[in-house]
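A closer look at the structure
Here are the chains, one letter per residue:
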Amino acid sequence: MEAGALATRLCVAIALCLVSLNCVRTDNGLGFVSIDCGGNASYSDANDILWSPDGAITGIDGVVSSVSPPAYVNTSNQTPLSSIRFFPGNQSKYCYVFNQGIVQGRAYLVRASFWAGSKLPYPTKAENSVSFKLLIYADEWDTVSITFPQTSREIDKEIYVFALRENIEVCLSGHSAITDSDVPFISSLVLRPLSNSLQPISFSVNYQNSRPLMTVSRINYGARDPSDYLRYSGTQQVGYSDIYDRIWEADTDGTLVFTNQSIVSNVTTDEVPIPVMQTARSDAESINLQFQVTPQSWYFYCAYYAELDPHVIASGQRIFDSVVSNKTTQISETYDIFGASGQYSTFLAYQKSGIYVDTPALNFDMKKTTMSLNGPLINAFEVFMTFDKDLSLGTIDVEVLVVKNISNSFGNLSTWRGDPCLPYPYNWVVCSSEERPSITEIHLENQDLSGDIPSYFNSLGKLTVLSLASNKLTGTIPDLSSLLKLTFLDLHHNNLSGTIPSFLGKLPAIKELDLRNNNFSGAIPQELLAKVSTSELDLRKVMSRIKFMHKDDARLRY
């Protein structure tokens, strides 16, 4: 659906299934999803954004804690910044999965927000600080590092990502030996569909193989109030709020220029909200903007200009040179805003192929030309950092589905979501080292699992180790005859019953089999007995508590 459809706020209901088949709903538009992490009821905030609680989601893990929202929040309005959900368990990651209404290949804005106020309700490795990773699909996205107390605004991490499939996975690294992270927390998570006409999206598609773009900065220059951040608002008329819910940070430095005149802003200028373009920062001679960035990376920027001065009525009256520079790169352009777009109309400037930055700072210098009557001005600016590689396709697709089915089969594994191998494996799996890994070992001993052993294990063709020992499993041993690489099978100390299946003796790689302390009956299959004489298989653990009735007829007694 294109941007105009979002602006009209069609009341289209969409289900978002996070972590389970229970869904939460939103009516801000198809794919326009807002999750209050730690919330317990749906509500509309001051911007008429409908927030849905993750507390309504079956299978979501973690603990909820109330916090005092930032000072800029009107306490008479509900906000997702009044609670957090934190994850004190030992999982390698905790994931939210958007899996309804996602169009494969489409670009989406994903934004995670973090606000805990004065302190966290749990200890961290370093006093008054917390650090953990944010993941997108099977890759690390960014590091969340916060020092307490938080005194200004929440920390936002935002990314433009192209859906790899009909879902989008956002995860937090857990406090485990695998990740070495602190216990993570989150305040809110939003998903917004983007138009392919946006210049950052076009840049990524045409020059970066559709890699994700991480938002570095998005600034509204000339804002009248430092707390006047602009975003989507369902109460504003079309054009006066951001239909993509981009958040524009207020900048009040320098000489401020503003107008009440309506500014032309449309799809060709990325539909920047009119209030953003009604303000600007100007200077009689020059303006310098500097952004702290990660060196040795590709960046994309959008500079937004509109002539707001009623005394500038002709081309040539405001001309300035704009130089984008770092250590080895310099891009110079000369702009005449009135000549480019007239008065009260948005002009968008960008370097379509991006810029490679090799220093920790990206500089934008605007300087009045000799013949110009007026100095430079700037209304708004965006900077994006390109992901340093293509998104990983993750674990082999069929194995991801198998592990998902296994997790759903056992209630106490239902919180495991996201890629089972990358960038960190589940605590109970071992994976191969290929670019698209396979699962080679599963260790689910002592997990309080109950019920039958699901047959899905038989689809993990590269599995070498399967341990389900010391649980409360019942029923019979399912068909595992396709596990031709299985060397170790441990099912001891459960409540399994029935006969020992003959296929176990036909597994070509099996070397160790432990079936002790179960309730099997009948004879040990001849195939297993024969295996002993032709392989390294040791039957002592199979034959524990077995009494031979006849020399050649081993039967189980219990």
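Residues numbered from 1 in each chain as written. Predicted model: local features only at pLDDT ≥ 70, side-chain atom pairs only at ≥ 80, totals over all residues. Heavy atoms only, no water.

**Looking at the overall build of the protein**
- In terms of regular secondary structure, the protein is built from six helices and 39 strands.
- Taken along its principal axes, the extent of the C-alpha atoms in the protein is 110 × 50 × 45 Å.
- Buried residues in the protein amount to 54% of all 558 residues.
- If you take every contact in the protein between residues at least 6 apart in sequence, the share linking residues at least 24 apart comes to 69%.
- In the structure as shown, the protein presents an accessible area of about 23,300 Å², 48% of it carried by carbon and sulfur atoms.
- When the 42 positive and 57 negative side-chain charges of the protein are each reduced to one mean point, those points stand 8 Å apart. (Helix = DSSP H or I, 4+ residues; strand = E, 2+ residues; numbered from the N terminus. Buried < 20%, exposed > 50% of the residue type's maximum accessible area, 1.4 Å probe, protein only. Contact = heavy atoms within 4.5 Å. Areas by Shrake-Rupley, 256 points an atom, 1.4 Å probe, with all protein chains shown as cover. Lys, Arg positive; Asp, Glu negative; His and termini not counted. Charge placed at Lys NZ, Arg CZ, Asp CG, Glu CD.)

**Looking at the sheet that holds strand 19 (residues 279-282)**
- Strands sit in the order 18-19-27 across an open sheet of three strands; the sheet is antiparallel. The open sheet terminates on both sides in strands that have one partner only, identified here as strand 18 (255-258) and strand 27 (377-378).
- Sheet topology note: the strand 18/strand 19 ladder contains four bridges and is antiparallel. Bridge pairing in strand 19 places Thr255 opposite Ser282. (Pairing = 2+ DSSP bridges.)

**Quick notes on the packing of aromatic side chains**
- Taken as a whole and judged by the stated rule, the model has 25 aromatic pairs.
- Centroid distance Phe32 to Tyr232: 5.0 Å. Interplanar angle 55 degrees. Geometry classified as tilted. A residue pair is termed long-range when its members are at least 10 positions apart, and Phe32 in the loop between strand 2 (23-26) and strand 3 (33-36) and Tyr232 in the loop between strand 16 (213-221) and strand 17 (249-251) qualify at 200 residues. Across this residue pair, the class does not change: Phe32 and Tyr232 are buried.
- Residues Phe86 and Tyr122 carry aromatic rings whose centres are separated by 4.8 Å and whose planes lie at 35 degrees to one another, so their mutual orientation is tilted. One end of the pair, Phe86, is in strand 7 (residues 83-86); the other, Tyr122, is in the loop between strand 9 (107-114) and strand 10 (129-136), and 36 residues separate them in sequence.
- Three or more aromatic residues joined by ring pairs form one cluster here, namely Phe203, Tyr207, Phe300 and Tyr350.
- The ring centre of Tyr72 lies 3.9 Å from the NZ or CZ of Arg153, which sits over that ring.
- Its end group placed over the ring of Phe32, Arg192 keeps NZ or CZ at 3.9 Å from the ring centre. (Phe/Tyr/Trp six-rings, centres within 6.5 Å; stacked < 30°, edge-to-face > 60°. Lys NZ or Arg CZ within 6 Å of the ring centre and 35° of its normal.)

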